[in-house]
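Per-entry structural report
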Amino acid sequence: MKESRGFIKYDKKLKKWIVRITFTEQGTGRRINRTKRCATRGEADRFLDEIRPKIRSGIAPVAAPSKTTMTEFIDRCLEEHFCEAEYFRGQKIKGVQNTVMPKVLAKHCKTYFGSKLVRDVDRKSLEAFRKWLIELPTETTNEQRSITTVNHNLNFLRTCFRYGVRQGIIENNVFSSLSKLILPNPDSARNRIFTFGEEMALFQHAVAPREHLRLLFLIAADTGMRRGEILGLKSSDISWEKNTIFLKAEVTKTNRARAIHMTERVRTALWEETKGQADGRKIFSMGRFQVAWETAQRLAGVENAHFHDWRHTFLTRCVAVNVPLPVIVKQTGHASEEWQRYLNPEHINAMFTPLPGQSAEEVKAYAKTVLTGLRAALGFDKINNLLGD
């Protein structure tokens, strides 16, 4: 194994001295990170003095003691890996954006595995855990869990095992030798969009006590922003001079900052909402969002809709009015080719379908106004005028 001197630092949050030493394992070529938390600086120095000769002789312990329980292991992963995100010059260097969800997922994992040793976790126990999750009713609706929810728990465990091996906490990643443990999700290819008739109906029912939803709908439909990005908006994120919303890297899913153009109706609504607000204050402060959202859908007669469908809707509308794909992807912040599955001619034809009680003429007139504003916001009309299109 290659020799490494390692380093020691004090973690103010954990109130521990952290020792880390990295080396390359002979034979396999694996890079091993051996980490240890110590109560004192002297203990940390002694650990390094003891492990360096073992690395040189090829007998360095790769993993922590084999008697580590699943509860201890998961708690350590929460402390070290799923901690609050830290950023340097706009780039995430440690932790995760959402620290709430890992804690929820960890609760289920610790409830099931408890004091079971990490070394004893195998495919059979993971399959039993999956079966337990499927049969476990949800806390809010007391209904059967979806495949997506079950997969979230399994993916959380897989991330823990990967981190444990990478940091030298455990020796083996049981997931590396398993296949088909995580169930295929029938919702993963979801590509539903909102029709203009549905948008009109939702706006009609976004009134007291749900009036806050109207601005949410507007921003989602005309910018393609994710729900978390919208709910985290502050008035200081808006540039009225440049007519853009600037999303910092720490609030985006991809950890990449991006500037988003506003349509005239979004700009007007945001201006009215933020007048007199302090720059550091969030624009939206709501509690039970999901309840209000589901109520609006029911009253509007909209079925099988997710809030994320607004993002699909924005992209489809941009394609319908021939906005260049690079412009669309820059606006939405897609980091993969996922957006390609929204390019469905059937969606474009169905966008103008009226709901009961609506006429085809009023839906088309509304759609024309929305699409014209969308093209203007993205600067595409200026390009066409310049070229004489």
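I will try to describe carefully the structure that is included in this document. Here the structure is a predicted model, which is why all the values come from computation and not from measurement.

Digging into the nonpolar core
Counting 53 residues, the largest nonpolar core has Leu202, Phe217, Ile219, Leu270, Trp293, Phe307 and Trp310 as the members making the most contacts within it. Residue assignment for this core shows that the elements contributing at least two residues are α6 (196-204), α7 (212-223), β7 (244-247), α9 (264-274), α10 (289-300), α11 (309-320) and α14 (360-377). For this core, the element with the highest residue contribution is α7, accounting for eight residues. Each residue touching Trp293, except ones within four places of it in the same chain, is listed here: Phe194, Leu202, Leu213, Phe217, Ala305, His306, Phe307 and Trp310. Membership of the second largest hydrophobic core comes to 30 residues, among which are Ala106, Val118, Leu133 and Phe161.

Here we look at the packing of aromatic side chains
In total, this model carries 19 aromatic pairs according to the counting rule given. Plain terms: the ring middles of Phe82 and Phe156 are 5.0 Å apart, the flat faces sit at 35 degrees to each other, and that makes the pair tilted. Taken together, the residues Phe82 in the loop between α2 (70-80) and β4 (86-88) and Phe156 in helix α5 (residues 147-166) connect sequence positions 74 residues apart. Judged on exposure class, the residue Phe82 and its partner Phe156 are both buried.

Focus: the pairing of β7
Sheet topology places strand β6 (residues 238-239) next to β7; two bridges connect them, and they run antiparallel. Within the sheet, the bridge partner assigned to Ile238 lies in β7 and is Ile245. Taking the residues that link successive antiparallel strands as the turn, the β6-β7 hairpin has four residues, and the phi of Asn243 there is positive, at about 60 degrees.

About the cut-offs
Residues numbered from 1 in each chain as written. Predicted model: local features only at pLDDT ≥ 70, side-chain atom pairs only at ≥ 80, totals over all residues. Heavy atoms only, no water. Core = buried A, V, L, I, M, F, W, Y, C linked by side-chain atoms within 4.5 Å. Buried < 20%, exposed > 50% of the residue type's maximum accessible area, 1.4 Å probe, protein only. Helix = DSSP H or I, 4+ residues; strand = E, 2+ residues; numbered from the N terminus. Contact = heavy atoms within 4.5 Å. Phe/Tyr/Trp six-rings, centres within 6.5 Å; stacked < 30°, edge-to-face > 60°. Pairing = 2+ DSSP bridges.

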